[in-house]
Amino acid sequence: MSTTFRAGEVAATETERVVLPRRAGRRHPVPAPRRKGLLKFGYWWWALPGILFVVGIHYVATSIGGFFSFTNWTGIGAFELVGLDNFVRIFQDPTKLGALWNTLFLAFGSVILSNILGLGVALGLNRGLKSRYILRTLFFMPVVLSPLATSYIWKFIFDFNGPLNLILRGLGLDTVARAWIADPTWAIWTILVVLVWQNIGFAMVIYMAGLAAVPVEIEEAAAIDGASLWQRFWHVTLPSIRPAVAIATTLGLVNGLRVFDQIMALTGGGPAAATETLATQVYKQSFALGNFGYGAALALLLTLIILAFAVVQQRVTAGRSKED
Amino acid sequence: MTQRRRRVTRFAGLLALPATAALVLAGCSGSGSTGDAGGDADSFTFTFATSNNLESPYETLAKEYMAANPGVTITTNPTPNDKYGETIRTQFQAGNASDVVQTTPGSGDARGLVPLAEAGFLEPLGETATSLVPSGSETLFEVDGETYGQPLDFTIGAVVASMGTAGMNGITTWPTTMDDFYADCEKLAGDGKSMIALAGAAGPNAGLTAQGIAATRVYAEDPEFNTERADGSTTFAESEGWADTLQTIVDLKDRGCFQQGAEGGGFDAITNGLAQGTSVGSFIPSGSAVEIAAAAPAEADFKVQPFPAADGGKPYVLASSNYTISINAKSTKKEAATAFVEWLATPEAQEKYYEASGLLPISEYKNLDLSDTIYSEVVTDITNGSYTTLPNNVWPNPAVYEALQVGVQGLLTGQTSIDQVLQNMDAAWTD
């Protein structure tokens, strides 16, 4: 038996044909891979309609909106170019500073709280508990519910004669019970509670994915070396899930800066503009009050703020992961 | 991929294309139908605002017209009230608004007809409409001498009170002085009830309450206040009447006339309060009284009552036309639409409107005998002219009313002062 196959020779046995290497020589040309099914006829320019849609709806429409920020359009009828007047008005208006402060407060507050609580829940449900699958589903459910619908239910809960105050009065804490949504100090906190409640599940899911990639052996080794629970978390677990932290905080921040549904449903920006944010102001100015140009200028400003934070966020977290 | 999976994916892919096409076509035809009702020259579309799912008076009128004119088809488009102005503006801007559209006089609202007419969206109406315009308020209905909205109703803005609830709590007659009013407030507050149900978190109710009180403190003394403000000869900050009005609201709150938690109340606080008898009255449009009366027990006996004037003042209420009918300038069915709008001005149509909505019809209210209706207590004020137009219809832009609404909320929570509110209203006024 020879140890190679020459072209033209017939394999003596099935085994020879499979096992013996072919001798280098004239080879059959490797056939080009045939694409399966419908893609047999695909070309790159088939993506063109989709690209046009994205460019048209996202970029062109946004640019037109940006153009209107330099006009005095009311939303109907004619308009004139007014240059930077709208932007000057924004910075001269003291209520806009309040709106900016509320925007930042809600964004950072919801990111920090929902991430810390989400991480805590993810750590607790990572392994060990038998009921963890059911608990994971329960914690994630608020995320998939409509923000508007849940905000109306929360509004009922916070109502002066709603369940929260009933419980407080039942416990004898009558002086603590108040109209939460109409209280100038507490209204913004009610919004924060609703935001965090809805977003804990989202952060939890991201952190669970990150934690699943952390090998148990490292933590066990740390435990054997005498590290306490907190030391294990801070020095072993947390560095391993840095990418998850980056993703969760970026997404949370960008969404937190433009939150709208919950505020309009709970307080409508009230009481007396105490919970107005840039997003609610954009809606009110553009559509309710007919100052479309001014509203567009506010929207442009909000876009730039979100962009700035997103870029800073990416730099900070990308820089950290490069150290590893 | 297994053989079965591959077939399933292929099949799903093949299905996706016709499914998407069907969705796109359904979406296109949905928006197209508002502008194209059957192609028949006598068919047209009619958009109006609605706050609930009951049959609107406009629906009733459309049905009456179709019954009286066989061959005419009216496609009604009831549209939610809370975003009505924004909705019709978008439709006008996009060119697919209905042929006949309900609007509001003036420019103090997103559905105001003056800005819509100035933008060229409305068709000038004829003599019938012009003849119905209440004298003295032409600027609300006309632009450059042409009338763009035909008034339909005559709404009275005062306190809608359940005399049944009042009677059950020992109040046999409606108070006519502020001292009597405050005394009644204290009596009710002792039982955990209130004289007035206020939806402090709902801008429209906060604003209407302020305007209802302003009728007595501002416009009773100085009916020309709005014109003077427009001329610049006075301001809100200088007006003692407006300062009095806002002070009255603070006093009402401090003396327990509003329900507990009023600063956070929504419209449901009013509906529940009036229907269940925990509040006697509320500043709501008279038309809403008919709706709430249907939900309340018959003993409730709702009446439109004037808010007591300040000491030495005279009684005054708000009364004006707040709903107008306009025709779309881009309509292709203008003849049919005009015939319908003219029919709305006839006595029969006005009678039907009154029966269906409880709102007083604009042309016939002077001829109706109101002594047995909810309006019996304000008939004298109306007949001797002690009323003024709803102020925010006359103001030049929505921001002034918004400043008043926000200001009232701020006074209820203690976030702002009366001077601050008046200054904000002045700052929002643009000429």
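Quantities reported herein were computed from a predicted structural model and do not represent experimental measurements.

S.K.: Outline the overall build of chain A, listing residues and values.
M.R.: Per the secondary structure count, chain A includes 14 helices and 0 strands. The helix and strand sequence of chain A, counted from the amino end, reads α-α-α-α-α-α-α-α-α-α-α-α-α-α. Taking all 324 residues of chain A together, the buried fraction comes to 30%. In chain A, the share of contacts with a sequence separation of at least 24, taken over all contacts with a separation of at least 6, comes to 69%.

S.K.: Quick one: what's the story with the overall build of chain B, residue by residue and with numbers?
M.R.: Helix and strand counts for chain B stand at 19 helices and 14 strands. Relative to its length of 431 residues, chain B is compact, with a C-alpha radius of gyration of 24 Å against a globular reference of 22 Å. On the principal axes, the C-alpha backbone points of chain B span a range of 85 × 65 × 45 Å. For chain B, long-range pairs separated by at least 24 residues make up 75% of all intrachain contacts whose partners lie at least 6 apart in sequence.

S.K.: Just give me the short version of the nonpolar core, but keep the residues and values in it.
M.R.: Among the nonpolar cores identified, the biggest contains 172 residues, and Tyr207 of chain A together with Val100 and Val317 of chain B are the most heavily contacted of them. With 13 residues, helix α8 (residues 187-212) of chain A is the single largest residue contributor to this core. Both of domain 1 (43-152 + 321-363) and domain 2 (157-320 + 372-428) of chain B provide at least three residues apiece to this core. Apart from residues no more than four positions distant in its own chain, Val317 of chain B is found in contact with Ile156, Gly157, Ala158, Ala215, Pro306, Val378, Asp381, Ser386 and Tyr387 of chain B.

S.K.: Go over the interface of chain A and chain B with me, naming the residues and quoting the values.
M.R.: At the junction of the two partners, chain A supplies 22 residues and chain B supplies 27 residues. The residue makeup of the side of chain A that touches chain B, split by class, is 14 nonpolar, 8 polar and no charged.

S.K.: Could you give me a rundown of the pairing of strand β7 (residues 153-162) of chain B, with the residues and numbers involved?
M.R.: For a regular strand, side-chain orientation follows a simple rule: the groups alternate between the two sheet faces. All names here are of chain B. Of all 10 residues making up β7, 10 are buried, and the element is well covered by its neighbours. Here β7 runs beside strand β13 (residues 360-361); their pairing, made up of 2 bridges, is antiparallel. Within β13, the residue paired with Asp153 across the bridge is Pro361. Here 3 bridges tie β7 to strand β11 (residues 317-320), and the two strands are oriented antiparallel to one another. Among the inter-strand pairings, Ile156 is bridged to a residue of β11, identified as Ala319. Strand direction decides the pairing type here: β7 and strand β9 (residues 279-285), joined by 5 bridges, are antiparallel. Bridging from a neighbouring strand, Ala158 pairs with Ile284 of β9.

S.K.: Please set out the domain arrangement of chain B residue by residue, giving values where relevant.
M.R.: Residue and element names in this part refer to chain B. What the domain assignment reports for chain B is domain 1 (43-152 + 321-363) and domain 2 (157-320 + 372-428). Each of domain 1 and domain 2 has a C-alpha centre, and the two are 28 Å apart. Domain 1 puts 16 residues into the contact, and the matching count from domain 2 is 16 residues. Its residues assigned to classes, the side of domain 1 that touches domain 2 shows 6 nonpolar, 9 polar and 1 charged.

S.K.: Tell me what's going on with the packing of helix α9 (residues 216-224) of chain A against helix α10 (residues 229-240) of chain A, and back it up with residues and numbers.
M.R.: Residues and elements named next belong to chain A. The geometry of α9 relative to α10 is characterised by a closest axis approach of 10 Å and an angle of 145° between their N-to-C directions. Where α9 crosses over α10, the handedness of that crossing is right-handed. In this structure, α9 contributes Ile218, Glu219, Ala222 and Ala223 to the contact, and α10 contributes Arg232, Val236 and Thr237. Counted by class, the contact of α9 with α10 contains 4 nonpolar, 1 polar and 2 charged residues.

S.K.: Can you break down the sheet that holds strand β1 (residues 43-50) of chain B residue by residue, with the values?
M.R.: Residue and element names in this part refer to chain B. A sheet is described by the order of its strands in space; here 5 strands give the open sequence β2-β1-β3-β12-β6, paired in mixed fashion. Only two strands of the sheet have a single partner each, and these edge strands are β2 (73-80) and β6 (150-151). Of the pairings in the sheet, the one linking β1 to β2 comprises 8 bridges and is parallel in character. Its bridge partner being in β2, Phe46 is matched across the sheet by Thr76. Running over the sheet, helix α3 (residues 84-94) touches β1, β2 and β3 (100-103) and is turned about 130° from β2. Across the sheet, helix α14 (residues 334-344) lies against β1, β3, β6 and β12 (324-327), angled at about 165° from β12, the strand it touches most.

S.K.: Can you lay out the environment of Pro306 of chain B for me, pointing to particular residues and giving the numbers?
M.R.: Residues and elements named next belong to chain B. Examined against the element boundaries, Pro306 turns out to sit in the loop between β10 (302-305) and β11. Given 23 C-beta atoms within a 10 Å radius, Pro306 is considered buried. The residues contacting Pro306, other than those within four sequence positions of it, are Ala158, Pro315, Val317, Val378 and Asp381.

S.K.: Can you tell me about the environment of Gly77 of chain A, naming the residues and giving the values?
M.R.: Along the chain, the position of Gly77 of chain A falls in the loop between α2 (48-68) and α3 (85-92). Taking the C-alpha atoms as reference points, Gly77 of chain A and Leu166 of chain A, separated by 89 residues in sequence, lie 51 Å from one another. When neighbours within four sequence positions are excluded, Gly77 of chain A is seen to be in contact with Glu118 and Ala119 of chain B.

S.K.: Could you give an account of the pairing of β11 of chain B, with specific residues and numbers?
M.R.: All names here are of chain B. In β11, alternate side chains face the same way, and those of Val317 and Ala319 on one face and Leu318 and Ser320 on the other are all buried. Both β11 and strand β14 (residues 387-388) contribute to a ladder of 2 bridges, which runs parallel. Bridge pairing in β14 links Leu318 to Thr388.

S.K.: Could you give an account of helix α15 (residues 347-357) of chain B, naming the residues involved and the relevant values?
M.R.: Residues and elements named next belong to chain B. Residues of α15 that are buried: Ala349, Gln350, Tyr353 and Ser357. Down the axis of α15, the sector holding all buried residues measures 100°, keeping them to one side. In α15, those exposed residues whose orientation departs by more than 90 degrees from the buried face are Pro347, Glu348 and Glu355. The elements touched by buried residues of α15 are α2 (57-68), α13 (286-295), α14 and β13.

S.K.: With reference to specific residues and values, describe unusual backbone geometry.
M.R.: Negative phi characterises most residues that are not glycine, and trans characterises most peptide bonds. Cis geometry marks the peptide bond from Gly270 of chain A to Pro271 of chain A, where omega comes out at -10°. If you trace the backbone, Pro271 of chain A turns up in the loop between α12 (261-266) and α13 (278-288). At Ala272 of chain A, a residue that is not glycine, the phi angle is positive and equals roughly 50°. Its location among the elements puts Ala272 of chain A in the loop between α12 and α13. When the 26 C-beta atoms within 10 Å are taken as the criterion, Ala272 of chain A is described as buried. Here the phi dihedral of Asp144 of chain B falls at roughly 55°; this positive angle occurs in a residue that is not glycine. Structurally, the position occupied by Asp144 of chain B is in the loop between β4 (142-143) and β5 (146-147). Overall, Asp144 of chain B belongs to the exposed group, with 8 C-beta atoms counted inside 10 Å.

S.K.: Before we move on, can you summarise the packing of helix α11 (residues 240-254) of chain B against helix α19 (residues 418-428) of chain B with the specific residues and values?
M.R.: All names here are of chain B. Relative to each other, α11 and α19 sit at 130°, their axes nearing to 10 Å. Between α11 and α19, the angle falls in the class oblique. Once α11 is placed against α19, the crossing between them reads as right-handed. Side by side, α11 and α19 meet where Trp242, Ala243, Leu246 and Gln247 of the first sit next to Ile418, Val421 and Leu422 of the second. Partitioned by chemical class, the residues of the contact of α11 with α19 number 6 nonpolar, 1 polar and no charged.

Thresholds applied
Residues numbered from 1 in each chain as written. Chains lettered and ligands numbered in written order. Predicted model: local features only at pLDDT ≥ 70, side-chain atom pairs only at ≥ 80, totals over all residues. Helix = DSSP H or I, 4+ residues; strand = E, 2+ residues; numbered from the N terminus. Buried ≥ 20, exposed ≤ 12 C-beta atoms within 10 Å, placed from the backbone. Contact = placed C-beta atoms within 7 Å. Rg over C-alpha atoms; globule rule 2.2 N^0.38 Å. Core = buried A, V, L, I, M, F, W, Y, C linked by C-beta atoms within 7 Å. Domains from an automatic or database assignment. Nonpolar A, V, L, I, M, F, W, Y, C, P; charged D, E, K, R; others polar. Pairing = 2+ DSSP bridges. Axes fitted to C-alpha atoms, helices over the stretch in contact; angles between N-to-C directions. Left-handed = near helix turned anticlockwise from the far one by under 90°. Arc of directions from axis to C-beta. Parallel < 35°, antiparallel > 145°, perpendicular 65-115°, else oblique.

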